[in-house]
Amino acid sequence: MQRITAAKRALAAQAHRTFSQSAASLREPELPKMPAFDYTPPPYSGPPAAEILAKRKEFLSPSLFHFYKKPINIVDGKKQYLFDEEGRRYLDAFGGIATVCCGHCHPDVVSAVVKQMNRIQHSTVLYLNHAIADFAEALASKMPGDLKVVFFTNSGTEANELALMMARLYTGCQDIISIRNGYHGNAAGTMGATAQSIWKFNVVQSGVHHTLNPDPYRGVFGSDGEKYAKDVQDLINFGTSGHVAGFISEAIQGVGGIIELAPGYLPAAYSTIKKAGGLCIADEVQSGFARTGSFWGFESHGVVPDIVTMAKGIGNGIPLGAVVTTPEIAEVLTRRSYFNTFGGNPVCTAAGLAVLNVIEKEKLQENAHVVGSYLKERLLSLKDKYELVGDVRGRGLMLGLELVTDRKLKTPAKTEIVHVMEQMKDMGVLVGKGGYYGNVFRITPPLCFTKEDADFLVDAMGYTLSKM
Ligand SMILES: Cc1ncc(COP(=O)(O)O)c(C=O)c1O
């Protein structure tokens, strides 16, 4: 059962009254109702949101930011739902930024972690333990071709740092090509590959060239992937010695606003890079682990990378990342000592193995495809109805909806998106937001999302859009 405070009820009623005034003569559409869910979280006895916020302001980095005017204090999670301090339930359509794939607190993942914690939490890879080896074997079995060697890290940034370094070591070249508007992390090397000024600090970031974004919505060549790929050759011709270390790309840009790469782009770009002696790195941090309806995002582009990096969904929220490559490329790390204290620790890798098993057992890849396709269709119906919706895109349960105030000029609807997001939160739906202009809804829920959840999300968004 849901516990809603009197204040929250009053707020909802007030919002309802305001909406009613603008449609006085029409029959007021009913407020969308969240699907039923048979779970009540235990009572929360911790500090309230205001106290936590004050503590954050005093003791945590001023760089921390939060969604919503009045940030919510999330204290419980179950499957595709989150609960705040008052026990109010929210439909989680952001999944902790495309991270929670099996659903919150999946019992199999929890039990794998607890079981491992009770035996040994940390020893070091200098001793043997089966958890790291078992998970590496299982992960390698999900990979095509000769991609069979796994390195574990603690985050996506670390995985990409390692991948970039390996490409440089393997080829003996320094130059990396990444795509504009991409996000690959925020450490020394990866910040160079990240290509959005909002995520780049003014520090030295050398050796990366940023190629045209093959963005079918805003890009100069529309959906002609091969035309964009010519810019990769141009960068090699005019910005490098003619040889490069590699190319890094997401299959669908996540932070960049769920941008699907124009069809035909990746095969053409990969071929150009290979001719210049470089390695192709697939950053699967967001698109991996069944999110897009394929197990890996690159599969739908018909390419096989030389190095694959992953994090987020790999652990359903446990800090874990990985780099998978071929035995030949992996060999470069034997030239010096390479070590990572926590990478591949028994607890995280036990969780990773449990995640893989849950994805398989609960057919989450199929669910991402089926429910994601249904949700996309329903989101497209909002585009037919509301001028504010400029574009709907993505695959599986990695979807984006871009708001613009002028469809022709594609003017980012920066203020409007914040309003819609607030209203949706008040109705019990949490969605993400991103893109260079901050005007794209990012919909990346846990992969156990249902069609009823999809209906609720779209109805809540439609309800708000109808009142604007
Ligand atoms: C595609 C992609 N690569 C890399 C990263 C960096 O991962 P992390 O935040 O775990 O360091 C992110 C994070 O959002 C990402 O979306």
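Rules used throughout
Residues numbered from 1 in each chain as written. Predicted model: local features only at pLDDT ≥ 70, side-chain atom pairs only at ≥ 80, totals over all residues. Helix = DSSP H or I, 4+ residues; strand = E, 2+ residues; numbered from the N terminus. Buried ≥ 20, exposed ≤ 12 C-beta atoms within 10 Å, placed from the backbone. Contact = placed C-beta atoms within 7 Å. Axes fitted to C-alpha atoms, helices over the stretch in contact; angles between N-to-C directions. Parallel < 35°, antiparallel > 145°, perpendicular 65-115°, else oblique. Left-handed = near helix turned anticlockwise from the far one by under 90°. Nonpolar A, V, L, I, M, F, W, Y, C, P; charged D, E, K, R; others polar. Near = placed C-beta within 6 Å. Core = buried A, V, L, I, M, F, W, Y, C linked by C-beta atoms within 7 Å. Domains from an automatic or database assignment. Pairing = 2+ DSSP bridges.

### Considerations on the overall build of the protein
Each helix and strand counted, the protein has 14 helices and 18 strands in total. Projecting the C-alpha coordinates of the protein onto the three principal axes gives extents of approximately 70 × 60 × 45 Å. A total of 468 residues make up the protein; the buried ones form 49% of that total. Pairs at least 24 apart in sequence give 75% of the contacts found in the protein among residues at least 6 apart.

### Let's talk about the packing of helix α13 (residues 414–427) against helix α14 (residues 451–466)
Each packed pair of helices is defined by two parameters, the angle between the axes and the distance between the axes. Packing of α13 against α14 leaves a shortest axis separation of 9 Å and a crossing angle of 130°. Comparing the axis directions of α13 and α14 gives the class oblique. Remark: the crossing between α13 and α14 carries right-handed chirality. In this structure, α13 contributes V420, Q423, M424 and M427 to the contact, and α14 contributes A460, M461, T464 and L465. Classifying every residue of the contact of α13 with α14 by side-chain character gives six nonpolar, two polar and no charged.

### Description of the site of the ligand
Within the structure, the ligand sits among 14 residues, and S155, G156, T157, G185 and V285 are positioned closest to it. If you tally residues by element for the shell around the ligand, the top one is helix α6 (residues 156–171), at three residues. Tallied by class, the residues present in the shell around the ligand amount to four nonpolar, eight polar and two charged.

### Thoughts on the nonpolar core
Judged by nonpolar contacts, the single largest core of 125 residues is most densely connected at A167, A322, A351, V355 and V429. For this core, the element with the highest residue contribution is helix α11 (residues 346–361), accounting for ten residues. Taken together, domain 1 (6–102 + 364–466) and domain 2 (107–361) each give at least three residues to this core, which thus spans both. Among residues more than four places away in sequence, those in contact with A167 are I176, A245, G246, L279, I281 and I307.

### Considering the sheet that holds strand β10 (residues 279–283)
Strand order in the open sheet made by the seven strands is β4-β12-β11-β10-β7-β5-β6, with mixed pairing throughout. The open sheet has two edge strands with one neighbour each: β4 (149–153) and β6 (208–211). Each strand of the sheet is rotated relative to its neighbour by a mean of 20°, with strand direction disregarded. In this structure, strand β7 (residues 246–250) lies alongside β10, joined through five bridges in parallel fashion. Note on β10: the bridge partner recorded for G246 is L279. Relative to the sheet, helix α8 (residues 225–239) contacts β5 (176–179) and β6, its axis offset from that of β6 by approximately 145°.

### Overview of the sheet that holds strand β1 (residues 74–78)
Ordered in space as β1-β2-β3-β16, the four strands form an open sheet in which the pairing is mixed. Here the strands that pair on one side only, and so sit at the sheet edges, are β1 and β16 (429–430). Bridging between strand β3 (residues 89–92) and β16 involves two bridges; their strand directions are parallel. Residue pairing for β16: L91 is matched across the bridge by V429.

### Concerning the domain arrangement of the protein
When the domains of the protein are assigned, the result is domain 1 (6–102 + 364–466) and domain 2 (107–361). Each of domain 1 and domain 2 was reduced to a C-alpha centroid, and the two centroids are 28 Å apart. Sorting the residues of the side of domain 1 that touches domain 2 by element identifies α3 (95–98), α12 (364–385), β13 (389–395), β14 (398–406) and β18 (440–443) as the ones contributing at least two each. Looking at which element gives the most residues to the side of domain 1 that touches domain 2, the answer is α12, with five residues. Considering only residue class, the side of domain 1 that touches domain 2 consists of twelve nonpolar, eleven polar and six charged.

### Notes on unusual backbone geometry
The residue Y68 is not glycine, and still its phi comes out positive at about 75°. Note that Y68 resides in the loop between α2 (49–59) and β1. Taking the number of C-beta atoms within 10 Å as the measure of exposure, Y68 has 12 and is therefore exposed. A positive phi angle, near 60°, is found at F289, a position not held by glycine.

### Overview of the packing of α12 against α14
Orientation of α12 relative to α14, taken along the N-to-C sense of each, is 15°, at an axis distance of 9 Å. Compared by their axis directions, α12 and α14 come out roughly parallel. In this structure, the crossing between α12 and α14 has a hand that is right-handed. Where α12 approaches α14, its residues V371, Y374, L375, R378, L379 and L382 are matched on the opposing element by K451, A454, D455, V458, M461, G462 and L465.

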